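Spelled out, the chains give:
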Amino acid sequence: MFGRNILRTTALVGTLAFAMSAAQAEALRFWTTEEQPARLAKQEAMAKAFTEETGIEVNVIPVTEKDMGTRATAAYAAGDLPDVIYHPLIHVLPWAEAGIIDTDAATEVIEDLEESTFASGALNMAALPDGYAAVPVDGWTQMIVYRKDLFDAAGLEAPNTYASILAALEKLHNPPEQFGFVAATKIDESFMSQLLEHVLLANGATPVDKDGFKGFDEKKLAEALTFYKALAKASPPGDLYWKQSRELYFAGKAAMIIWSPFILDELAGLRDSAPPTINDDPTSKELAGKTGVVTTLSGPSNKAGAAWGDIRYFSITNDADTEAAQQFVEYSMSEGYMATLSIAPEGKFPVRRGNAEDKEAFIKGWATLPVGVDRKAPLTELYPAETITQIVEGLDTASRWGVKEGQLSLASKILNSMAINRYTREFIDDELSAEEAVAKINQELAKIK
């Protein structure tokens, strides 16, 4: 197995035989979906540092994310796959089944870096019966963003369960000065789909099993829809999506919202295009200082809870120069890991927490990376340690419909149909009972293949 020890040996010894073989070998080809110029430049710099340490050249090749699936399938058919691919979760298990990626090589890398150093949720989403399909690199989890100052003043628990959120609505919902929540209700927006999947996952409600569509468990779905209706009733009227959610929270008129971590720098006044308006200073860090986050939410039928996660992976292909590709992936996840995460720290949480010497080395390093657009500051200057811990720990419970069942593609079609959104909105508007909404959702989704 070629891993950390091999990497150290090549770096320290640098034998003539290795140098000659590296010079003769073709450069590794690395496909990446991070194609924006600034992000591409950081990956090229990291690849150059790897070359200087090992003598192995790396060509960094940008590929548009929406084209990645067709590009990989065509390259596989032509016997011309790159060596390493950085890609989203949706491709992991399908590529493993199709034989596009070398799952043994990925498993060896994870074992050499030590499985215990990775977030369990990120590993679970790439798990196979005898190993892992790909190496988790980074990710983010959707968050409940809340006014911690108001919660503390009211003696409320953190909003990490259906019950604690409902209790907070009772005390903090006071329209029009302040709404308890801003739930997504615009049925043709994927934002509503994403929030509903998060809320339903939290209660263990899923529409698929390993054989395909199985229908939602009626009790779990009814509980989740009833909870979401309570969120919507504590929200402003109208068709709401991410825009109103952010605007109302930034103005100090919402106690809770659900958002991605890309809001973290905006909350601190680091992005001119989305300034907080809670006071007269658009660069103020006041709102960030008053904000807490929750990633893992649990419902009454799923005490363990779940977090909605978006994870990215390194895959080593079956056409790769395997040993060199493994070295590159290991370097990217160890010596080069801070460079990997620095591409966009607010949306690239460290799925590898640390190493043998320090189990939290990469968490600590990541928290010091600057975030922001028009102004920059590290998360450690913006949020307390407990908030940073909450952000990272969500990766342990990160999940998505259909991942462990091998039905992510079907689950995506189910979400994209907007049927769940449509009937949930009819239930919110009191046009359907909970039982009728559950029945209609299951009937409609059963038609999707």
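In what follows, the structure referred to is the one given above.
Bear in mind that the values here come from a model prediction, so they are computed numbers and not experimental data. (Residues numbered from 1 in each chain as written. Predicted model: local features only at pLDDT ≥ 70, side-chain atom pairs only at ≥ 80, totals over all residues. Heavy atoms only, no water.)

Colleague: Before we move on, could you go through the overall build of the chain and cite the residues and values that matter?
Modeller: Along the backbone of the chain there are 22 helices and 17 strands. Taking 22 Å as the expected radius of gyration for a compact globule of 449 residues, we find that the chain reaches 23 Å, a close match to that expectation. Reported as C-alpha extents along the three principal axes, the dimensions of the chain are approximately 75 × 50 × 35 Å. For the chain, with 449 residues in total, the buried portion stands at 56%. Of the contacts formed within the chain by residues at least 6 apart in sequence, a portion of 75% connects residues at least 24 apart. Of the roughly 18200 Å² of accessible surface on the chain, a fraction of 51% belongs to carbon and sulfur atoms. Computing the positive centroid from 41 side-chain charges and the negative centroid from 65, the chain places the two 5 Å apart. (Helix = DSSP H or I, 4+ residues; strand = E, 2+ residues; numbered from the N terminus. Rg over C-alpha atoms; globule rule 2.2 N^0.38 Å. Buried < 20%, exposed > 50% of the residue type's maximum accessible area, 1.4 Å probe, protein only. Contact = heavy atoms within 4.5 Å. Areas by Shrake-Rupley, 256 points an atom, 1.4 Å probe, with all protein chains shown as cover. Lys, Arg positive; Asp, Glu negative; His and termini not counted. Charge placed at Lys NZ, Arg CZ, Asp CG, Glu CD.)

Colleague: Please give an account of the packing of helix H6 (residues 103–113) against helix H15 (residues 322–332) that cites residues and values.
Modeller: Between H6 and H15, the least distance of the axes is 10 Å, while the angle of their chain directions is 40 degrees. Overall, the two elements H6 and H15 adopt an arrangement that is oblique. Remark: the crossing between H6 and H15 carries right-handed chirality. Residues Ala 105, Glu 108, Val 109, Asp 112 and Leu 113 of H6 form the contact with H15, whose participating residues are Thr 322, Gln 326, Val 329 and Glu 330. Partitioning the contact of H6 with H15 into residue classes produces four nonpolar, two polar and three charged. (Axes fitted to C-alpha atoms, helices over the stretch in contact; angles between N-to-C directions. Parallel < 35°, antiparallel > 145°, perpendicular 65-115°, else oblique. Left-handed = near helix turned anticlockwise from the far one by under 90°. Nonpolar A, V, L, I, M, F, W, Y, C, P; charged D, E, K, R; others polar.)

Colleague: How would you explain the nonpolar core if you had to name every residue and give the values?
Modeller: In terms of nonpolar packing, the biggest core is built from 150 residues, with Tyr 228 and Trp 366 touching the most fellow members. Apart from residues no more than four positions distant in its own chain, Trp 366 is found in contact with Met 338, Leu 341, Pro 345, Lys 348, Phe 349, Pro 350, Leu 379, Ile 388, Ile 391 and Val 392. (Core = buried A, V, L, I, M, F, W, Y, C linked by side-chain atoms within 4.5 Å.)

Colleague: Quick rundown of unusual backbone geometry? Include the residues and the values.
Modeller: Looking along the chain, the bond that leaves Pro 175 and enters Pro 176 is cis, with omega of 0 degrees. Mapped onto the elements, Pro 176 comes out in the loop between helix H9 (162–172) and helix H10 (190–202). The backbone phi angle of Glu 114 is positive, close to 85 degrees, even though this residue is not glycine. Overall, the relative accessible area of 26% leaves Glu 114 in the partly exposed class.

Colleague: Account for the pairing of strand E6 (residues 135–141), with residues named and values stated.
Modeller: With respect to burial, E6 is a largely interior element, seven of its seven residues being buried. Direction of pairing for E6 relative to strand E13 (residues 302–316): antiparallel, over a ladder of six bridges. Its bridge partner lying in E13, Pro 136 is registered against Tyr 313. As defined by bridge partners, E6 adjoins strand E14 (residues 349–350) across two bridges and the pair is classed as antiparallel. The partner of Asp 138 across the bridge, within E14, is Pro 350. (Pairing = 2+ DSSP bridges.)

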